[in-house]
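Chain and residue survey
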Amino acid sequence: MLTGLISFLDILVTILVFAIVGRALLSWFVQDPSHPLMRLLIDVTEPILAPIRNRLPSSWMIDLSPLIAIVVIQIVWRLIVALALQ
């Protein structure tokens, strides 16, 4: 049962990472945040990216919050899986 739950959560984590990457890539091409696909990606990823973005210096020319979010999500997820499978 535990491995089934971990597999399900792993799929959700993977979808979340793809949503963050998709939002970052799509933001280069779609400038309208009301575009349906962009709106979906913003709604899914903003609760994760906003707190990171708020802690980054505003003087940086590039938004690194997606990269930081993906790294943190992957580290935390691997720690959770390792602890759960012990």
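Refer to the structure above for everything that follows.
Now for a look at the structure at hand. (Residues numbered from 1 in each chain as written. Predicted model: local features only at pLDDT ≥ 70, side-chain atom pairs only at ≥ 80, totals over all residues. Heavy atoms only, no water.)

Side note on the nonpolar core
Among the nonpolar cores identified, the biggest contains 13 residues, and Ile 20, Ala 69, Ile 73 and Trp 77 are the most heavily contacted of them. Where this core is concerned, the elements lending two or more residues are helix 1 (2-26), helix 2 (36-55) and helix 3 (65-84). When near neighbours in sequence (up to four residues on either side) are disregarded, Ala 69 contacts Ile 20, Ile 48, Leu 49 and Ile 52. Judged by nonpolar contacts, the second largest core, of 6 residues, contains Leu 26, Val 30, Met 38 and Ile 42. (Core = buried A, V, L, I, M, F, W, Y, C linked by side-chain atoms within 4.5 Å. Buried < 20%, exposed > 50% of the residue type's maximum accessible area, 1.4 Å probe, protein only. Helix = DSSP H or I, 4+ residues; strand = E, 2+ residues; numbered from the N terminus. Contact = heavy atoms within 4.5 Å.)

Focus: helix 3
Within an α-helix, residues lying three or four positions from one another point in the same direction, as the helix has 3.6 residues per turn. With 20 residues, helix 3 should cover 28 Å at 1.5 Å per step; its first-to-last C-alpha distance of 28 Å lies within 8% of that length. If you check which residues of helix 3 are buried, you get Ser 65, Pro 66, Ala 69, Ile 70, Ile 73, Trp 77 and Val 81. Projection of helix 3 onto a plane perpendicular to its axis shows the buried side chains occupying an angular sector of 125°, all on one side. Turned more than 90 degrees away from the buried face of helix 3 sit Leu 67, Arg 78, Leu 79 and Leu 83, all of them exposed. (Expected span 1.5 Å × (residues − 1). Arc of directions from axis to C-beta.)

Some remarks on the pattern of salt bridges
Applying the stated criterion across every chain yields a total of 4 salt bridges. One salt bridge in this structure joins Glu 46 and Arg 23, with 2.8 Å as the shortest N-O distance. Of this pair, Glu 46 sits in helix 2 while Arg 23 is found in helix 1, placing the two residues 23 residues apart along the sequence. Classification of Arg 23 by relative accessible area gives buried; the value is 13%. Put simply, Arg 53 and Asp 63 hold a salt bridge, and the shortest N to O gap is 3.3 Å. (Salt bridge = Lys/Arg side-chain N within 4 Å of Asp/Glu carboxyl O.)

Purely spatial values, then, with no claim about function.
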